[in-house]
Amino acid sequence: MPKGMFVDTTVCIGCKACQVACKQWNGLPGDPGDFREDPAEKIPVAVNFTGNSYDNTADLTGTNWRHVMFIEQFPENRSGGRWLISSDSCKHCNDAGCLNACPTGAIVRTDLGNVVVRQDVCIGCKYCLPSCPFGVVSFSHLTGTARKCTLCDDRIHNNLGTACAKACPTGSIAYGEVADLKKRADARLARLKSLGHDKANLYGYKEAGGLNVFYLFLDSPTVYGQPERPVVPQGRLVLSSAVTVAGALAVGAAALVAFRERGQVEPGEEEVGK
Amino acid sequence: MSIGAHAPGWEWYYIGLYFFFGGVSAGAYFIGSLAEFFGGARHRGISRTAFYIAFPTLLVTPPLLIGDLGQPLRFWHLLFDARSGFPYVNFSSPMSVGSWALVLYGAMTLLSFLDNLVSEGKIDSAPFARLYSRFPRKLYAAVGSAAGFFIAGYTGVLLNVTARPLWALTDPLVGALFTVSAGSTGAAAIFLVMTWRRVHPAAELEEFERFDRIVKVLEIALAIGIVIAAGKYAGVLFRGPYAVMFWGGAIFLGTMVPLTANWYAHLAGRHARSEAVAVLMACLVLFGGLLLRISLVQAGQL
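Can you walk me through the pattern of salt bridges in this structure?
Once the charged atoms of two side chains with opposite charge are near each other, the side chains can pair. Across all of its chains, the model carries 16 salt bridges over all chains by this definition. The partner of arginine 236 of chain A in a salt bridge is aspartate 171 of chain B, and the shortest N-O contact between them spans 3.4 Å. Residue arginine 236 of chain A is found in the loop between strand 12 (213–217) and helix 7 (237–273), and its partner aspartate 171 of chain B is found in the loop between helix 7 (165–169) and helix 8 (173–197); the two belong to separate chains. Aspartate 171 of chain B matches arginine 236 of chain A in its accessibility class, with the two residues each being buried. Aspartate 115 of chain B is paired through a salt bridge with arginine 137 of chain B; the nearest N and O atoms lie 2.7 Å apart. Taken together, the residues span a long stretch of sequence, with aspartate 115 of chain B in helix 4 (residues 94–119) and arginine 137 of chain B in helix 6 (residues 137–160) at a distance of 22 residues. A single salt-bridge network, built from bridges that share partners, covers Glu36, Arg44, Asp115 and Arg137 of chain B.

Here you go:
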């Protein structure tokens, strides 16, 4: 029975409690690259602030497994406008590009359906990074390995739920059986539609074989920084390989034409020589 | 806010160089094997030289690959399961299959390299030579050239089968382009080493040029296809240092100039050939092949 999370972005207030809870439970420090030694200060100075948004990490990284995304849509004259806030993390795809791409078997799916990078097995080849269509998996220079949200693997296997869901004060992040969460999501979507939010949509029912962590958005997924149609890249493997083999055959044919013809000419030349 | 896959952060001096050296080795080995199978006795010079190139060039690559890892000492996890120790392969991962192909190809290039040394009397041990002559040379040349083609092409498939925009959109052409480029850089390397070893390269020059005329046209066609396929993400190939590498290095110096010189010599006839020009063109082909790998690997990460 897969476990997952339903992220109802419509009730997220951007408090970042989930981010803090994630960092605390998983023991994730600030990334050294986010700090600079300043001779005038006694302690390293943080330099990773976005500076133009309440969004403080801007992206998921090897030490930020949760990212509260602030989409601040305001016109120049500040009349009207809206906030869209969405807490983002690994989606624990049912067809996971990172898992497909991992050459060492370090990335595994557990009995609860979550996708985990085994830190003692990962060699840090970084191939899972470009293979995740959502841009979740990241390389950590602290550990020399790929890291991402584990769906609190240790907690959920002890019936504790995820740390972020536990910390969420508005119920925007709900942890549970995916099937139960989907029922709740469908009801919530119907309610929002009836209230006139025509563009409201559920993201993650079909994408990448179904996402165990799925979202309720008020606008198209790209507004929330998610790909409209995420493609699990390994679906192209057969065609890509076939065309490469065709390329190989072409080079082989070229070599035969170029290097063999002479062998046929040779006897003639010898005859002329005689 | 960025949408889509993270860049892996592969360094050009590890991954770009590996793609290049792997391609040169595989291309040379393949041409050498074909010369071995289909060529006459005169082509023995080509196959010998090719097998002298393939193994040492491949020896460069493991340090490059391991150097790029975040946990270099765990490199053996690529081949063996970390817990059980049993051989491990993930068929949906080009990198996993490629690791095994490297092992297989490495073994075949070593066999061919040793065969060269025994045949040319550089290993002067009768028991070893006797033992060695039992290995069927054609068998490992056949297995090695198949594995070599895999080495040349899988690097492109590995890039194509990701979610990075430039690499994903240019699918499925990069694997074919790298394979073709491996053929031309391999031939250039053979020609250069033959010239250096003074193994009558002038006699084979015409054949090398004929081969190059075909693969260079293929290479240009595939490169154009890639730029078209990249569509709105082709911008990274038109701006900045990788645009200079791609257009100036890989396409102009590495492909257009050698192809033009080649055609000129072809049309002007046999006597217009100069070995100095041919050597320079072979150097340009190798240089262009290197910049092709670096520009596509790095531009895809921008």
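Let us keep going from here.
Help me understand the interface of chain A and chain B in this model?
A common way to report how large an interface is uses the accessible area buried once the components associate. Taken together, the contact between chain A and chain B spans 66 residues of the former and 61 residues of the latter. In total, about 5100 Å² of surface goes out of reach between chain A and chain B, with carbon and sulfur atoms giving 62% of it. In this assembly, chain A and chain B are joined by 3 salt bridges. With a shortest N-O distance of 3.6 Å, aspartate 68 of chain B and lysine 126 of chain A are connected by a salt bridge. Applying the counting rule to chain A against chain B returns 29 residue pairs in polar contact (both at pLDDT 80 or more). Secondary structure elements with two or more residues in the side of chain A that touches chain B: strand 4 (67–73), helix 2 (97–101), helix 3 (128–131), strand 8 (138–140) and helix 7 of chain A. Among the elements that make up the side of chain A that touches chain B, the one with the highest residue count is helix 7 of chain A (22 residues).

So what exactly am I meant to see when it comes to the packing of aromatic side chains here?
Note on aromatic pairs: each is described by the distance of the centres and the angle between the planes. If you walk through the whole model with that rule in mind, you get 30 aromatic pairs over all chains. Aromatic side chains tyrosine 203 of chain A and phenylalanine 217 of chain A sit 5.6 Å apart centroid to centroid with 35 degrees between the ring planes, which places their arrangement in the tilted category. Pair noted here: tyrosine 203 of chain A is in strand 11 (residues 201–203) and phenylalanine 217 of chain A is in strand 12, with a separation of 14 residues, a long-range link. Like tyrosine 203 of chain A, the residue phenylalanine 217 of chain A is buried in the burial classification. Here the aromatic rings of phenylalanine 30 of chain B and phenylalanine 149 of chain B are separated by 4.1 Å at their centres, their planes lie at 50 degrees, and the arrangement is tilted. Pair noted here: phenylalanine 30 of chain B is in helix 1 (residues 12–38) and phenylalanine 149 of chain B is in helix 6, with a separation of 119 residues, a long-range link. According to the relative accessible area criterion, phenylalanine 149 of chain B is buried, its value standing at 15%. Grouped by ring-pair contacts, the aromatic residues Phe134, Tyr203, Tyr215, Phe217 and Tyr224 of chain A constitute a single cluster.

Conventions adopted
- Residues numbered from 1 in each chain as written.
- Chains lettered and ligands numbered in written order.
- Predicted model: local features only at pLDDT ≥ 70, side-chain atom pairs only at ≥ 80, totals over all residues.
- Heavy atoms only, no water.
- Salt bridge = Lys/Arg side-chain N within 4 Å of Asp/Glu carboxyl O.
- Helix = DSSP H or I, 4+ residues; strand = E, 2+ residues; numbered from the N terminus.
- Buried < 20%, exposed > 50% of the residue type's maximum accessible area, 1.4 Å probe, protein only.
- Contact = heavy atoms within 4.5 Å.
- Buried area = accessible area lost by both parts, 1.4 Å probe.
- Polar contact = N/O pair within 3.5 Å; in protein donor to acceptor, adjacent residues only side chain to side chain.
- Phe/Tyr/Trp six-rings, centres within 6.5 Å; stacked < 30°, edge-to-face > 60°.

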